[in-house]
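# Working through the structure, step by step
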Amino acid sequence: MDNLKITVYQGYLFWENTDKNLQNISLRLSNIREKTNLIILPEMFNTGFTMNAEALGETMDGKTMQWMQKTAQKYECVVTGSIIIKENDKFYNRLLWVRPDGSHEHYDKRHLFALGKEHTVYTPGTQKLIVELNGWKICPAICYDLRFPVWLRNVNEDYDLLMIVANWPEKRAPHWRTLIPARAVENQAYVIGVNRVGHDGNEIYHSGDSTCIDPNGNVVYYKRDEEDVYTFSIIGDEVKKARRALPFLKDADKFTIED
């Protein structure tokens, strides 16, 4: 694995205003001053975490997908984050993985946040996604998925980087700051969590706390409360060294996941 340059966007999201969010993110990303391999945006980065899917859902060739493809092409890197997608009369909280050539893959959020009525609006995903970038195997997930270690378990060293995009409220930030390092250590992988900041349309405050943790639980990046566009590197050798020193993934219990 080559070392990987990651750019995270921890931003304020304008409530249910796609045009304003895309304009603001474009402006913030214009401050990137070095080559990056991957730009990570929060959950529902174009609308905020809303249940107003009927009004705000887009198709896979809609405005936001087109913006992501143009942005990926402009910065010659992958752009990822989740948006509301309408498909076959169903709505999904869908993470899009968009490459510079316009090709893409997606992951539909598996665990829907019942406390926020997400399960009454959106359809859960059934399939994990593992994508490859510069020799890295990457597993994307969305917000509430972080609480479910079985779903995120690194079986057979399937991934080297677990990536969580989120709208995680400040009142549960201690959980976020605990679970991300736990996922990194137990799966011997880097974990990057990218969250939003500010109040949403329901007056719920988000403190960000976007972070990157290495396979040994060390902090590579952390930011709280403020908007931030920041680029850092993750090191392939750190993953290899951690797994050589303590090869406990080989002793993991076998299991199956049932729908």
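This one's a predicted model, so the numbers in the text were calculated from it and none came from an experiment. (Residues numbered from 1 in each chain as written. Predicted model: local features only at pLDDT ≥ 70, side-chain atom pairs only at ≥ 80, totals over all residues. Heavy atoms only, no water.)

## Looking at the pairing of strand S12 (residues 219–224)
For the record, the criterion: Strand pairing is defined by DSSP finding a minimum of two bridges between the two strands. Every helix listed is a DSSP run of H or I at least four residues long, and every strand listed is a run of E at least two residues long, numbered separately from the N terminus.
Relative to S12, strand S11 (residues 205–213) is paired through 5 bridges, and the arrangement is antiparallel. The residue bridging Cys212 from the neighbouring strand is Tyr221, located in S12. Remark: 5 residues form the turn of the hairpin made by S11 and S12, two consecutive strands paired antiparallel; Gly217 in that turn has positive phi of roughly 90°.

## Quick look at the packing of helix H1 (residues 18–29) against helix H3 (residues 63–75)
Put simply, the rule is: What counts as an axis is a line fitted to C-alpha atoms, over the stretch in contact for a helix, and the angles between N-to-C directions run from 0 to 180 degrees. Orientation categories follow fixed angle ranges, with anything under 35 degrees roughly parallel, anything over 145 roughly antiparallel, 65 to 115 roughly perpendicular, and all other angles oblique. Two residues form a contact once any of their heavy atoms are found within 4.5 Å.
For the pair H1 and H3, the least separation of the axes is 11 Å and the interaxial angle reads 10°. Viewed along their axes, H1 and H3 adopt a mutual orientation that is roughly parallel. For the pair formed by H1 and H3, the contact residues are Thr18, Asp19, Leu22, Ile25, Ser26 and Leu29 on the first element and Lys63, Thr64, Trp67, Thr71 and Tyr75 on the second.

## Some details on helix H4 (residues 173–187)
Selection criterion: Expected span of a helix: the number of residues minus one, times 1.5 Å. Three exposure classes are used, based on accessible area relative to the maximum for each residue type with a 1.4 Å probe and protein chains only: buried under 20%, partly exposed in between, and exposed over 50%. Working definition: the arc comes from the directions between the helix axis and the C-beta atoms, pointing outward to the latter.
Between its terminal C-alpha atoms H4 stretches 21 Å, which fits the 21 Å expected from 15 residues at 1.5 Å a residue. For H4, the complete set of buried residues consists of Ala173, Trp176, Leu179, Ile180, Arg183, Ala184 and Asn187. Projected onto a plane normal to the axis of H4, the buried residues spread over an arc of 135° and lie on a single side. Where H4 is buried, its residues meet strand S8 (161–165), strand S9 (190–194), S11, S12 and helix H5 (236–245).

## Structural notes on the nonpolar core
Operational definition: As used here, the term nonpolar core means buried Ala, Val, Leu, Ile, Met, Phe, Trp, Tyr and Cys residues forming a set that is joined through side-chain atoms within 4.5 Å.
Membership of the largest hydrophobic core comes to 44 residues, with the highest contact counts inside it found for Ile6, Ile138, Ile192 and Ile234. Not counting residues within four places of it along the chain, the set of residues in contact with Ile138 comprises Leu4, Trp97, Leu129, Ile130, Val131, Leu133, Tyr159, Leu161 and Met163. Within the second largest apolar cluster, 20 residues are counted, among which are Tyr9, Met65, Trp67 and Val98.

## Quick notes on unusual backbone geometry
With phi around 55°, Glu76 is a residue other than glycine that occupies positive phi space. Note that Glu76 resides in the loop between H3 and strand S3 (78–87). With a relative accessible area of 55%, Glu76 lands in the exposed category.

## Notes on the UniProt feature "domain: CN hydrolase" (unreviewed entry) in the protein
Selection criterion: UniProt positions are given in the numbering used here, feature names are shortened, and annotations may be inferred rather than shown by experiment.
UniProt marks residues 1–236 with the feature "domain: CN hydrolase" (unreviewed entry), using the numbering shown here. The span residues 1–236 shows a helical share of 19% and a strand share of 33%, and its end C-alpha atoms are spaced 5 Å apart.

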